[in-house]
Protein chains: 2
Amino acid sequence: MFQINDNYQKLPGSYLFSTIAKKVAAFTAANPDKTIIRLGIGDVTQPLAPAILAAMHKAVDEMGCAETFHGYAPDLGYDFLRRAIAENDYRARGCDIEEDEIFVSDGAKSDSANIQEIFAAESRIAVCDPVYPVYVDSNAMAGRTGTYDKETERWSNVIYMPCTAENGFVPEFPEETPDLIYLCLPNNPTGTTFTKSKLQEWVDYANRVGAVILYDGAYEAYISEPDVAHSIYECSGAKTCAIELKSFSKNAGFTGVRLGYAVVPKELKCGDVSLRNMWARRHGTKFNGAPYIVQRAGEAVYSREGKAQLKEQVAYYMKNAAAIKEGLKKSGYTVFGGVNAPYIWLKTPSGTTSWEFFDRLLENANVVGTPGAGFGPSGEGYFRLTAFGSYENTLAALERIQKM
Amino acid sequence: MFQINDNYQKLPGSYLFSTIAKKVAAFTAANPDKTIIRLGIGDVTQPLAPAILAAMHKAVDEMGCAETFHGYAPDLGYDFLRRAIAENDYRARGCDIEEDEIFVSDGAKSDSANIQEIFAAESRIAVCDPVYPVYVDSNAMAGRTGTYDKETERWSNVIYMPCTAENGFVPEFPEETPDLIYLCLPNNPTGTTFTKSKLQEWVDYANRVGAVILYDGAYEAYISEPDVAHSIYECSGAKTCAIELKSFSKNAGFTGVRLGYAVVPKELKCGDVSLRNMWARRHGTKFNGAPYIVQRAGEAVYSREGKAQLKEQVAYYMKNAAAIKEGLKKSGYTVFGGVNAPYIWLKTPSGTTSWEFFDRLLENANVVGTPGAGFGPSGEGYFRLTAFGSYENTLAALERIQKM
């Protein structure tokens, strides 16, 4: 009789955003007259930029003609896209990353969930707490995280690195030595980030202890301060210890278009074994490329028009972030983030848990946010609002919260 | 010091089609004047049908307008697509499959590589030999296949079920009891299939021994004979023992568009645990949906115009299949397949290995095919040609082979 992967049975409850979706659906069903404003899940709302739309229409036309039709994509992604990425996201920033170290994917969620596969089953992972749930859950499914304790909301075999207001959301190096360190900078959910010199300390630490940093740079486009690195490869030595995961979801509004990439430098090795070659093998075996049309859309992100249009889009969302941050401050909330990231991380009012605050916000302001506890135990007492709504909705939500 | 997943080190050589691509690239570089005709990798060549192009243009326009923009897709896929699939691929054939048993994905390659994750690490897999390499390689990466013996070209812990001319390409039930049985019908690479009554025997066998059938139906659209099932759920009892994987690559030319789906029936359980719920959890954690534009393209496959246009496209490729089959027969080759599938499986001339035949075909006819040995040891002595070229190229390739 066949047996299942019983690691799945160890997973607590359901995925955070599925739980929120169910709560919102129940509220909406019970209150059909209320208009909900969603500042919960980090989904964008602005339409795709004109340069991207034009590229997609052109690519669709190409698919309609035998001479320009495109079937299976190259394993690592089309050259035109990998060239644009290498040039704009790396070489223009002084990072020496080559095209064949770049792997185009269907998004950073898949990559950040799949990357653990190339590491040993016994690998010890370290994560920031709070953290994007996918890092831990994907390792839990692979059996790396031990057992889950409902009381402490922690897995027995995960190294948690608390990030709270007390340490300025910059964790200490862990006491136990990890094999894999997940860092998301600028951070989801706290909306904070590290300075470049702090990041350099982490790169040095990883090289010293023999750990790999899995660096999720999905929010890089929102960096506004000069002393923040746009890629971990701006730090010296990063190519021997870091894999960088990037997304087009937040810089170009591709949450429903699906495109991302991973950088696995050739210098990153375990003994003689190149992790770049392992990831290439995984790509070739388990994935068949992002759609041609989507890769052309990605190329347009780097065109002159695309860059200008997306700069405006990012500015639009950051105007929302500033409005939420300032508005909540005025109302007496303690607020973090929103400067280098599209997330506002607020302290829930004293004595209110983050799920209680979620319910209160939903019921009284009809605004959906994300409870900090959903991102890990150190997220308790915090609450995430995103800047991805429309400006009008953002102001309306703010007003409702202020009146609450 | 971090360690890698050393199962990757056990994998022999590189992925079949990467090897072929390298050989072809080397030949082309050395012979820039020769025109290669590719009947190797199963990639389509006909442009997307007009109904699909129209749906994609419309969806791109929707993405350009805030009111109709689509961000993250629902975890399981959009209702409009799952409804069309349930109605057309299942209920119209008398199969009682519900929308929430259907999981939209980026293609059957990903699904067939990922599906093993929800089963126990100790699961014993059975595969047809020859076989699509992804089934075995994805299990090898997960550590289920034991060690690889270069002499026999077999993994120590895989149950191989030879499919050769001698057994009409229909395997016997294996002597050892498997936990997971991969069946691809109509078959890649042999181009042959089972009758519905034979498939029913396999369903009964799986239910009897407690195995799960992982049923890859990627070539279903090519079925021309009446006694062949279009879905495994046409067999009674299949919902308690089978997962069906489907692709839009071959029925609609989506190899570069990327769309597929998995069906995991609610009745499929291990004790109390629903595999459907496990797969839903995996989808929610590790995947973020197929692009909205692509899901709308998938919906158009089921429109009246789409169906008519794709029927013609399938007929076009099957005309190629018939031409290759008849032409090779006339030249004295022994040929299989090509009736319910777009693949021709020919016996290589006596004394010629399949890789020797590959080289001979490339050098003398400038035609690329796929050596049977690349699909497993029982593929030795066979060679695969696909019907996915243009009609003109197919006839030209045939002529070159006949002259060889």
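Residues numbered from 1 in each chain as written. Chains lettered and ligands numbered in written order. Predicted model: local features only at pLDDT ≥ 70, side-chain atom pairs only at ≥ 80, totals over all residues. Heavy atoms only, no water.

Enquirer: Tell me what's going on with the environment of Ile293(B), and back it up with residues and numbers.
Expert: Position of Ile293(B) relative to the elements: it lies in helix 9 (residues 292-301). The class for Ile293(B) is buried, based on a relative accessible area of 3%. Sequence-wise, Ile293(B) and Lys58(B) are 235 residues apart; in three dimensions their C-alpha atoms are separated by 8.5 Å. Once residues lying within four places of it in the same chain are set aside, the contact partners of Ile293(B) are Met56(A), Met56(B), Ala59(B), Val60(B) and Met63(B). (Helix = DSSP H or I, 4+ residues; strand = E, 2+ residues; numbered from the N terminus. Buried < 20%, exposed > 50% of the residue type's maximum accessible area, 1.4 Å probe, protein only. Contact = heavy atoms within 4.5 Å.)

Enquirer: Got a sec to walk through the side chain of Glu220(A)? Specific residues and values, please.
Expert: Residues and elements named next belong to chain A. By the secondary structure assignment, Glu220 is in the loop between strand 8 (212-216) and strand 9 (242-247). In this structure Glu220 comes out as buried when scored by relative accessible area, which is 9%. Polar side-chain contacts of Glu220 include one of 2.7 Å to the side chain of His230. (Polar contact = N/O pair within 3.5 Å; in protein donor to acceptor, adjacent residues only side chain to side chain.)

Enquirer: Please set out unusual backbone geometry residue by residue, giving values where relevant.
Expert: Residue and element names in this part refer to chain B. The omega torsion across Asp129 and Pro130 is 10°, close enough to zero to call that bond cis. By the element assignment, Pro130 lies in the loop between strand 3 (125-129) and helix 6 (133-141). Each neighbour pair has its own omega, and for Asn188 with Pro189 the value is 15°, a cis peptide bond. Within the fold, Pro189 resides in the loop between strand 7 (180-184) and helix 7 (196-209). The phi dihedral of Phe169 falls on the positive side, at around 65°, and the residue is not glycine. By the element assignment, Phe169 lies in the loop between strand 6 (158-162) and strand 7.

Enquirer: Tell me about the sheet that holds strand 2 (residues 102-105) of chain B, and please be specific about residues and values.
Expert: Residues and elements named next belong to chain B. On the basis of which strands lie adjacent, the open sheet formed by seven strands has the order 2-10-9-8-7-3-6 and mixed pairing. Strands with a single pairing partner mark the edges of an open sheet, and in this sheet they are strand 2 and strand 6. With strand direction ignored, the average angle separating the axes of adjacent strands in the sheet is 20°. Sheet analysis places strand 3 next to strand 6, joined by five bridges and oriented parallel. Following the sheet pairing, Cys128 is matched in strand 6 by Met161. Where helix 6 meets the sheet, its contacts fall on strand 3, strand 7 and strand 8 (212-216), and the angle it forms with strand 3 comes to roughly 150°. (Pairing = 2+ DSSP bridges. Axes fitted to C-alpha atoms, helices over the stretch in contact; angles between N-to-C directions.)

Enquirer: Any details on the relation of the copies chain A and chain B? Residues and values, ideally.
Expert: Note on the identical chains: chain A maps onto chain B by a rotation of 180° and an axial translation of 0.0 Å, with an RMSD of 0.0 Å. As the rotation angle and translation indicate, the two copies are arranged about a two-fold axis. For chain A, the residue whose C-alpha comes nearest the rotation axis is His57(A), separated from it by 3.1 Å. Both copies contact each other with a shared surface, as 100% of the interface residues of chain A are interface residues in chain B too. (Least-squares fit on C-alpha atoms with pLDDT ≥ 70 in both.)

Enquirer: With reference to specific residues and values, describe the packing of aromatic side chains.
Expert: Taken as a whole, this structure holds 58 aromatic pairs over all chains when the rule is applied. Aromatic pair Tyr90(A) and Tyr261(A): ring centres 6.3 Å apart, planes at 80°, arrangement edge-to-face. Of this pair, Tyr90(A) sits in helix 4 (residues 79-90) while Tyr261(A) sits in strand 10 (residues 260-263); the two residues are 171 residues apart in sequence, bridging distant segments of the chain. No difference in accessibility class separates Tyr90(A) from Tyr261(A), as the two residues are buried. When the ring of Tyr343(B) is compared with that of Phe388(B), the centres are 6.1 Å apart and the planes differ by 90°; the resulting orientation is edge-to-face. On the criterion of sequence distance, the pair formed by Tyr343(B) in strand 14 (residues 343-347) and Phe388(B) in the loop between strand 17 (382-386) and helix 12 (391-403) is long-range, its members being 45 residues apart. Comparing Tyr343(B) with Phe388(B), the two get one shared label, buried. The structure contains a cluster of three or more aromatic residues connected by ring pairs, namely Tyr90(A), Tyr233(A), Phe248(A), Phe254(A), Tyr261(A) and Tyr302(A). (Phe/Tyr/Trp six-rings, centres within 6.5 Å; stacked < 30°, edge-to-face > 60°.)

Enquirer: So what's going on with the pattern of salt bridges? Residues and values would help.
Expert: Taken as a whole and judged by the stated rule, the model has 38 salt bridges over all chains. Between Lys239(A) and Glu267(A) there is a salt bridge whose closest N-O contact spans 3.7 Å. With Lys239(A) in the loop between strand 8 and strand 9 and Glu267(A) in the loop between strand 10 and strand 11 (269-270), this pair connects stretches of sequence that are 28 residues apart. Overall, the relative accessible area of 43% leaves Glu267(A) in the partly exposed class. Arg124(B) serves as the salt-bridge partner of Glu176(B), at 2.1 Å between the closest nitrogen and oxygen. Of this pair, Glu176(B) sits in the loop between strand 6 and strand 7 while Arg124(B) sits in the loop between helix 5 (108-114) and strand 3, and the two are 52 residues apart along the sequence. Where salt bridges share partners, they join Glu87(A), Arg91(A) and Glu99(A) into one cluster. (Salt bridge = Lys/Arg side-chain N within 4 Å of Asp/Glu carboxyl O.)

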